[in-house]
Amino acid sequence: MAGGRHSSADSGRSFGFYAVGGMVALALVATGIVVFKSVQPDTCDSVEDFTLAADPSIAPSISEVLAGTTPEQTDCMHVVVEAALPGDVVGRLGKGADAPDLWIPDSTSWISKAALTAAGPVAAAGGSIATSPVVLASGGEEFADWLSVLQVPDLALGNPLSTGIASAPIQAALAESGSGADAVRTALVPHAQAESVRAEDQPVGAKMLTELVTTGKVGVSTEQQVTQFANSAISATVPSTGTVLMDYPLVVSASAPDRHYAAAQKAKVLAALFESPESQEILARNGFRDPSGQGQVDGGVGAVQALPVPDQAALDKTLGSWALLAKPIRTLVAIDVSSSMDFPAAGGKTRMDLTTAAALTGNQVFPDSVAAGLWAFSQGMNGTQDYQELVPIRRYDTMVGGLTQRSLMAEQTKTLTKLKRGATGLYDTTLAAFRKVQESYDPRAVNSVIILTDGANEDPDSITREQLLDVLEREQDPARPVIIVTIGITDDADAAALADISRVTGGSTYIARDPSEISGVFVNALAHRGA
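Residues numbered from 1 in each chain as written. Predicted model: local features only at pLDDT ≥ 70, side-chain atom pairs only at ≥ 80, totals over all residues. Heavy atoms only, no water.

**Looking at the packing of aromatic side chains**
This model, assessed by the stated rule, comprises 2 aromatic pairs. Considering the side-chain rings of Tyr 248 and Phe 288, the 5.3 Å spacing of their centres and the 85 degrees angle between planes classify their relative orientation as edge-to-face. With a gap of 40 residues between them, Tyr 248 in the loop between β8 (245-246) and β9 (249-252) and Phe 288 in the loop between α11 (277-285) and α12 (312-326) connect regions that are remote in the sequence. Across this residue pair, the class does not change: Tyr 248 and Phe 288 are buried. Each ring, one from Trp 375 and one from Tyr 387, has its centre 4.7 Å from the other, and the planes form 5 degrees; the classification is stacked. Of this pair, Trp 375 sits in strand β13 (residues 371-382) while Tyr 387 sits in strand β14 (residues 385-395), and the two are 12 residues apart along the sequence. According to the relative accessible area criterion, Tyr 387 is buried, its value standing at 18%. Just above the ring of Trp 110 sits the side chain of Lys 113; from NZ or CZ to the centre is 4.4 Å. A cation sits over an aromatic face here: Arg 259 above Phe 50, 4.1 Å from the ring centre. (Phe/Tyr/Trp six-rings, centres within 6.5 Å; stacked < 30°, edge-to-face > 60°. Helix = DSSP H or I, 4+ residues; strand = E, 2+ residues; numbered from the N terminus. Buried < 20%, exposed > 50% of the residue type's maximum accessible area, 1.4 Å probe, protein only. Lys NZ or Arg CZ within 6 Å of the ring centre and 35° of its normal.)

Set out below in structure tokens:
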């Protein structure tokens with residue numbers, strides 16, 4: 001992230017120095033304009049569309065800059081601008097097919113994050129377009145440091161997995177001397193848990209600021225957003241330790257090699273356009289600082305101290321903790337109803353009885369934010385298909401025909417003991433369940449499949465174990481991961497196969513050797529949020 005305090009080592013220099021320096025600066029500006037114009041064609045035989053996803057805070061300004069250009073000025077390019085949160089764009093880059101050609105996130109930090117999972121190359125096309133300090137938006141509350149900010153119980157923080165603005169206080173707290181990583185992670189726990197039960201993303205930008213006016217809470221925003229909101233009930237402040245600057249880089253994000261190359265060439269033209277005095281005047285009028293972090297904004301926080309970049313390992317670990325705590329559970333539970341599930345277990349009950357009781361327990365104890373569905377499986381369960389959907393995946397508080405999803409799950413779980421018996425159709429069911437969750441993926445949740453079985457695959461017509469593992473590994477999308485959690489019921493379960501299935505998807509495996517352990521194991525598996 002750009003910015004920081006600039007030194008004044010040139011104080012005391014003569015007027016002549018500044019006069020010469022001013023003429024040089026004017027010459028450079030003029031040269032820059034000439035260079036920019038010199039690469040533009042005189043006419044365009046055709047105009048090609050390029051998509052640009054920009055953070056919602058800067059998208060209107062980018063559209064305003066581009067509205068004042070002709071195709072000849074943009075190298076025969078028409079730029080289609082859309083507002084998109086950085087976290088959403090990262091998910092799209094992982095899929096590749098829906099990737100924008102160009103991208104302006106709120107922070108340079110998103111480039112390395114996106115590159116880890118993107119289907120194609122992700123590269124900066126130049127420096128910062130503009131900057132804006134991260135601030136506290138409130139009725140005027142002031143804080144000594146960012147750790148104190150994170151300790152505010154009802155802080156409107158936002159989701160650090162979606163915006164750089166929300167992750168900035170975490171980075172700032174880690175960078176502050178005396179703010180240990182453990183203290184920062186502890187302060188984040190209630191915010192992450194609140195995020196996990198939220199039905200929708202916390203509002204950002206003007207919507208968040210509007211809520212602050214009503215609730216009187218403290219929120220995390222930017223100088224640009226607060227000054228543009230222009231409401232006397234909300235002011236911007238910065239802790240005395242300093243802050244972090246959002247730096248809005250221009251990024252080439254097209255996935256296909258040929259398209260990426262073409263977008264990179266066009267990005268050079270856009271970078272020159274955004275650096276021009278005319279564009280910088282538009283950005284300044286809309287509340288942004290220049291790329292260096294300098295410049296005064298009416299109603300802003302003035303000169304700010306840029307906090308240093310914290311230890312990357314500590315930052316990654318802290319954000320990883322948030323991800324595990326904040327993401328709600330979304331899972332498809334597939335339960336074996338083959339003949340062996342009728343074997344006696346304990347207390348006069350069968351394995352099926354105990355498994356049903358465990359599923360009902362899990363159904364009762366988890367919050368409404370959990371989304372779950374239910375399948376039953378055995379060989380030839382539904383014609384040639386080894387599985388049958390009993391309840392599709394929905395949040396527990398969804399109303400369906402006058403009943404909640406939680407009630408439907410309970411009703412259908414009780415029918416498991418009456419369903420068809422036969423051999424175990426494990427492998428085909430596992431692959432079908434994996435693909436079902438993948439095709440309806442929710443980027444806000446930990447997406448998983450939970451398999452409960454007391455046996456090994458017994459369907460001679462199914463795919464083999466090696467084929468299943470190969471397909472699961474090949475079809476796993478790093479940007480849209482689906483983990484498979486396997487639960488073996490007694491030592492009759494094929495523990496080795498279940499362990500392999502979980503391993504290749506980043507999930508975990510459990511064996512309930514004593515049938516009385518099934519309930520505890522199932523609840524732990526349902527709460528599973530990562531490898």
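Following the structure, the description resumes.
**Observations concerning the state of the cysteines**
Applying the stated criterion to the full structure yields 1 disulfide. Between Cys 44 and Cys 76 runs a disulfide, and the two sulfur atoms are separated by 2.1 Å. Between Cys 44 and Cys 76 the disulfide shows an S-S torsion of about -95 degrees. By sign, it is left-handed. Of this pair, Cys 44 sits in the loop between α1 (15-38) and β1 (48-54) while Cys 76 sits in the loop between α2 (59-67) and β2 (77-83), and the two are 32 residues apart along the sequence. The burial state of Cys 44 is the same as that of Cys 76; both residues are buried. (Disulfide = S-S within 2.5 Å.)

**Some points on the sheet that holds β1**
Pairing is mixed in the open sheet, where 5 strands are placed in the order β2-β1-β3-β9-β4. Of all the strands in the sheet, just β2 and β4 (123-128) have a single pairing partner and so form its edges. Within this sheet the neighbouring strands show an average axis-to-axis angle of 25 degrees, counted without direction. Examined bridge by bridge, β1 and β2 share 7 bridges and lie parallel to one another. (Pairing = 2+ DSSP bridges. Axes fitted to C-alpha atoms, helices over the stretch in contact; angles between N-to-C directions.)

**Quick look at the side chain of Asp 55**
Within the secondary structure layout, Asp 55 lies in the loop between β1 and α2. An unpaired buried charge is present at Asp 55: no salt bridge exists, and Arg 92, the closest side chain of opposite charge, is 12 Å distant. Leaving out residues up to four positions away in the same chain, Asp 55 has contacts with Ala 84, Pro 86, Ile 104, Pro 105, Asp 106 and Tyr 248. (Lys, Arg positive; Asp, Glu negative; His and termini not counted. Salt bridge = Lys/Arg side-chain N within 4 Å of Asp/Glu carboxyl O. Contact = heavy atoms within 4.5 Å.)

**Quick notes on the packing of helix α16 (residues 465-475) against helix α17 (residues 495-505)**
Contact geometry of α16 with α17 gives a least axis separation of 9 Å together with a crossing angle of 15 degrees. The orientation of α16 with respect to α17, classified from their angle, is roughly parallel. The two elements α16 and α17 meet at a crossing, and its hand is right-handed. Contact with α16, carried on its side by Arg 465, Leu 468, Leu 469 and Leu 472, involves Ala 496, Ala 497, Asp 500, Ile 501, Val 504 and Thr 505 of α17 and no other residues of that element. Each residue belonging to the contact of α16 with α17 can be placed in one class, and the counts come to 7 nonpolar, 1 polar and 2 charged. (Parallel < 35°, antiparallel > 145°, perpendicular 65-115°, else oblique. Left-handed = near helix turned anticlockwise from the far one by under 90°. Nonpolar A, V, L, I, M, F, W, Y, C, P; charged D, E, K, R; others polar.)

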